[in-house]
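# Descriptive analysis of the structure
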Amino acid sequence: MEATTTVGHRGRIILPVAIQRAAHMQEGARVHLRVLEHGGVIIETTDDIKRRLKFRLPTGTDLSADDRAEADEDRERDAA
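Residues numbered from 1 in each chain as written. Predicted model: local features only at pLDDT ≥ 70, side-chain atom pairs only at ≥ 80, totals over all residues. Heavy atoms only, no water.

### Some words on the overall build of the protein chain
Heads up, the rule is: Helix and strand assignments come from DSSP, with helices taken as H or I runs of at least 4 residues and strands as E runs of at least 2, each series counted from the N terminus. Partly exposed describes any residue whose relative accessible area lies between the buried limit of under 20% and the exposed limit of over 50%, with all areas from a 1.4 Å probe on protein chains only and scaled to the type maximum. Two residues form a contact once any of their heavy atoms are found within 4.5 Å. Reported accessibility uses the Shrake-Rupley method at a 1.4 Å probe radius. Residues are deemed covered only where the shown protein chains occlude them.
For the protein chain, the count of helices and strands is three helices and two strands. When the helices and strands of the protein chain are read in sequence order from the N terminus, they spell out α-β-β-α-α. Considering the protein chain as a whole, with its 80 residues, one finds that 10% of them fall into the buried category. Contacts in the protein chain between residues at least 24 apart in sequence constitute 6% of all its contacts with a sequence separation of at least 6. Of the roughly 7,200 Å² that the protein chain leaves accessible, carbon and sulfur atoms contribute 52%.

Structure (structure tokens):
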């Protein structure tokens, strides 16, 4: 899915609702912005980054209590 939006007052960007839904973003979702070499920007939710990285961590990596609780919540939600 693709969409076009405008950079507004104070540099704010409003993500169209269709994009938010397709990306499973809800109000208050934390997002990470990354600038590419050619000037493009990637927007990802921090939850998606954590899920992607969770499987790249070496076995035995100690996560913070908050990260463990969040991972447990993700597993419970996925199981439901």
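### Quick look at the side chain of Glu44
The condition is simple: Under the rule applied, a polar contact is a pair of N or O atoms within 3.5 Å (in protein, one hydrogen donor and one hydrogen acceptor; residues adjacent in sequence only if both atoms are side-chain atoms).
Mapped onto the secondary structure, Glu44 falls in strand β2 (residues 41-45). Overall, the relative accessible area of 15% leaves Glu44 in the buried class. Polar side-chain contacts of Glu44 include one of 3.4 Å to the side chain of Arg34. For Glu44, the contacting residues outside a window of four places in its chain are Arg30, Val31, His32, Arg34, Ile49 and Arg52.

### A look at the pattern of salt bridges
Here is the rule we go by: A carboxyl oxygen of Asp or Glu within 4 Å of a side-chain nitrogen of Lys or Arg is what we treat as a salt bridge.
The tally for this structure, following the rule as stated, stands at one salt bridge. For Arg34, the salt bridge is made with Glu44, and the minimal N-O distance between the two is 3.4 Å. Taken together, the residues Arg34 in strand β1 (residues 31-35) and Glu44 in strand β2 connect sequence positions 10 residues apart.

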